[in-house]
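Given next are the chains, with one letter for each unit.
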Amino acid sequence: MKFLSKNKRIIDSIVSQIACRKRFLITIHIYPDGDAIGSQIALYILLKRMGKEVALINSFPLPARYKFLPNSELIKHNVTIPDSEAAFVLDVGSKGRLGNMRDHINNIKTVINIDHHLGNDRFGIINWVDPHMSSVGEQIFHLYKHMKLEIKKPEAICLYTAIVTDTGSFQYSNASAETHLVVSELLETGIDHTRICNQIYQNIPVSKLKLLQLALETLSFDAKGKIGYMFITSDMYTKACAAEEDSEEIVEYARNVAGVEVGILFKQHSKRNIKISFRSKSKIDVRKIASRFGGGGHHNASACTINGELSSVLKNVVRVTALELESS
Ligand SMILES: [Mn+2]
């Protein structure tokens, strides 16, 4: 694969860090997703195979839908962090996305940052940042290949989960020809990808559907139908008995409407703390919009957090998005 030559030096330096150290920590971002979790476990398996001690600690709990992943029970949050010589930080564009793990990461000298976000802050001592990769899962796959390690079923399940979730089931433009070659190799291990997708996508708790129902009632449009947006108040979470993770794909319903270019979901975490997710169909770069508000992400999927009243935040963000649509 053409990928390897370009990244060979940087992967070599990661391999030598693995070789000369014994105790590792692997952590991922707040609101963990399939890419972050799948990559975290796949890297865990790799390090264990090299005889290392590995702690998997995040700032957020593991979402229920990913509990089917092998070794997922080893992922902890809110625990004492064991001494580590080096930390892998996966799928994290900036330290602000580390939540309460940030202080711990600041105390570790050897931080290895593996990520595919375009605007990555390069906060590690080693930064393997490749925006051409569909997912960190695809990067971890290349790490296995580079180390000439056989990919077995448990890690293939994790890497498939990472890639399928970060590419929107291969619908986004980041699902390249290379990505499909990687996935082909994962399928060759004999994993049951239908079962994996059942676990991720066809396993919806009622609370999540209730939350979707409430959110859909708020669906509105702007910019002559090119922007579709919805909101979820903290009361709606309570009414649906739902948690933050239950809102994960709701924004896609706004984007998927005929004629809509950008879908936006406003989520009220506390009275004056609003998380905003953006999704675009193809041409609009929503990372640009999110970065205006201090957020980040990818061309077709991004997010930011704004402090303020829901109604005024909503008005402002829709206005800025409409201006962006006009100018593109
Ligand atoms: Mn990712």
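Residues numbered from 1 in each chain as written. Predicted model: local features only at pLDDT ≥ 70, side-chain atom pairs only at ≥ 80, totals over all residues. Heavy atoms only, no water.

Undergrad: Got a minute to help me understand the pairing of strand β5 (residues 110-115) in this structure?
TA: Regular strands have side chains that alternate between both faces of the sheet. Counting buried residues in β5 gives six out of six residues, a clear majority hidden from the surface. Judged by which residues are buried, β5 turns out to be covered on both faces: T110, I112 and I114 on one side and V111, N113 and D115 on the other are all buried. By the bridge criterion, five bridges tie strand β4 (residues 86-90) to β5 in an arrangement that is parallel. Following the sheet pairing, A86 is matched in β5 by T110. (Buried < 20%, exposed > 50% of the residue type's maximum accessible area, 1.4 Å probe, protein only. Helix = DSSP H or I, 4+ residues; strand = E, 2+ residues; numbered from the N terminus. Pairing = 2+ DSSP bridges.)

Undergrad: I tried to follow the sheet that holds β5 on my own but got confused; where do I start?
TA: Two strands in a sheet stick together by hydrogen bonds in their backbones, pointing the same way (parallel) or opposite ways (antiparallel). With respect to topology, six strands assemble into an open sheet ordered β3-β2-β1-β4-β5-β6, the strand pairing being parallel. The open sheet terminates on both sides in strands that have one partner only, identified here as β3 (75-77) and β6 (126-129). Pairs of neighbouring strands in the sheet enclose a mean axial angle of 25 degrees, with direction left out of account. Both β5 and β6 contribute to a ladder of four bridges, which runs parallel. Directly across from I114, in β6, lies its bridge partner W128. (Axes fitted to C-alpha atoms, helices over the stretch in contact; angles between N-to-C directions.)

Undergrad: Sorry, what's going on with the coordination of the manganese ion here?
TA: For a metal with four tetrahedral donors the ideal donor-metal-donor angle is 109.5 degrees, whereas six octahedral donors ideally subtend 90 or 180 degrees. Looking at the manganese ion, the protein donor atoms are D35 (OD), D91 (OD), H116 (NE2) and D166 (OD), and they sit 2.1 to 2.3 Å from it. Read in sequence order, the donor residues for the manganese ion give the motif D-x55-D-x24-H-x49-D. One end of the pair, D35, is in helix α2 (residues 34-49); the other, H116, is in the loop between β5 and β6, and 81 residues separate them in sequence. Assigned by exposure class, D35 and H116 land together as buried. (Donors = N, O, S within 2.8 Å, 3.2 Å for Na, K, Ca; no water.)

Undergrad: When you look at the nonpolar core in this model, what are you seeing that I'm missing?
TA: General note: in soluble globular proteins, nonpolar side chains tend to be found buried as a group. In terms of nonpolar packing, the biggest core is built from 51 residues, with F88 and L186 touching the most fellow members. With nine residues, the top contributor of residues to this core is α2. Once residues within four sequence positions are removed from consideration, L186 is found in contact with F141, I151, A156, L159, Y160, I163 and I191. Core analysis: the second largest hydrophobic core is formed by 23 residues, F266, F278, I306 and L325 among them. (Core = buried A, V, L, I, M, F, W, Y, C linked by side-chain atoms within 4.5 Å. Contact = heavy atoms within 4.5 Å.)

Undergrad: What am I meant to see in the domain arrangement of the protein chain here?
TA: By a widespread convention, an interface's size corresponds to the accessible area lost as its parts come together. Each assigned domain of the protein chain is listed with its residue range as follows: domain 1 (3-167 + 175-201) and domain 2 (206-327). Listed by partner, the interface residues are ten residues for domain 1 and ten residues for domain 2. Across the domain 1 to domain 2 interface the summed buried area is about 790 Å²; carbon plus sulfur atoms make up 47%. Along the contact surface separating domain 1 from domain 2 lie two salt bridges. Note that E249 is salt-bridged to R65, the shortest N-O span being 2.7 Å. Viewed at the interface, domain 2 and domain 1 are joined by five residue pairs in polar contact (both at pLDDT 80 or more). Its residues assigned to classes, the side of domain 1 that touches domain 2 comprises six nonpolar, three polar and one charged. (Domains from an automatic or database assignment. Buried area = accessible area lost by both parts, 1.4 Å probe. Salt bridge = Lys/Arg side-chain N within 4 Å of Asp/Glu carboxyl O. Polar contact = N/O pair within 3.5 Å; in protein donor to acceptor, adjacent residues only side chain to side chain. Nonpolar A, V, L, I, M, F, W, Y, C, P; charged D, E, K, R; others polar.)

Undergrad: Which parts of the structure should I look at to understand the environment of A36?
TA: Assignment of secondary structure puts A36 in helix α2. Judged by its relative accessible area of 0%, A36 is buried. Residues contacting A36, with those up to four places away along its chain left out, are I28, H29 and D91.

Undergrad: What is the right way to read the packing of helix α5 (residues 153-166) against helix α6 (residues 177-188) from this model?
TA: To characterise two packed helices, one gives the angle between the axes of the helices and the distance between these axes. The geometry of α5 relative to α6 is characterised by a closest axis approach of 9 Å and an angle of 150 degrees between their N-to-C directions. Classified by the angle their axes make, α5 and α6 are roughly antiparallel. Relative to α6, the crossing made by α5 is left-handed. Contacts between α5 and α6 involve A156, L159, Y160 and I163 on the former and, on the latter, T179, V182, V183, L186 and L187. (Parallel < 35°, antiparallel > 145°, perpendicular 65-115°, else oblique. Left-handed = near helix turned anticlockwise from the far one by under 90°.)

Undergrad: What is the right way to look at the packing of aromatic side chains in this model?
TA: One pair of aromatic rings is described through two measures. These are the centre distance and the angle between the planes. A complete count under the given rule lists four aromatic pairs for this structure. When the centroid spacing of 6.5 Å and the interplanar angle of 90 degrees are considered together, the rings of Y229 and F266 count as edge-to-face. With a gap of 37 residues between them, Y229 in strand β8 (residues 227-232) and F266 in strand β9 (residues 262-270) connect regions that are remote in the sequence. Taking NZ or CZ as reference, K275 lies 4.4 Å from the ring centre of Y31, over its face. (Phe/Tyr/Trp six-rings, centres within 6.5 Å; stacked < 30°, edge-to-face > 60°. Lys NZ or Arg CZ within 6 Å of the ring centre and 35° of its normal.)

Undergrad: What exactly am I supposed to notice about the pattern of salt bridges here?
TA: Pairs can form between side chains of opposite charge whenever their charged atoms are close. By the definition in use, this model includes 13 salt bridges. Residue K8 is joined to D12 by a salt bridge in which the shortest nitrogen-to-oxygen separation is 3.2 Å. Of this pair, K8 and D12 both sit in helix α1 (residues 3-20), four residues apart, which is roughly one turn of that helix. Between E309 and K271 there is a salt bridge, with its nearest N and O atoms 3.7 Å apart. With E309 in the loop between β12 (301-307) and α12 (310-327) and K271 in the loop between β9 and β10 (273-280), this residue pair connects regions lying 38 residues apart in the sequence. By relative accessible area, which is 34% here, E309 ends up partly exposed. Several salt bridges converge on common partners, so that one network encompasses R65, K208, E248 and E249.

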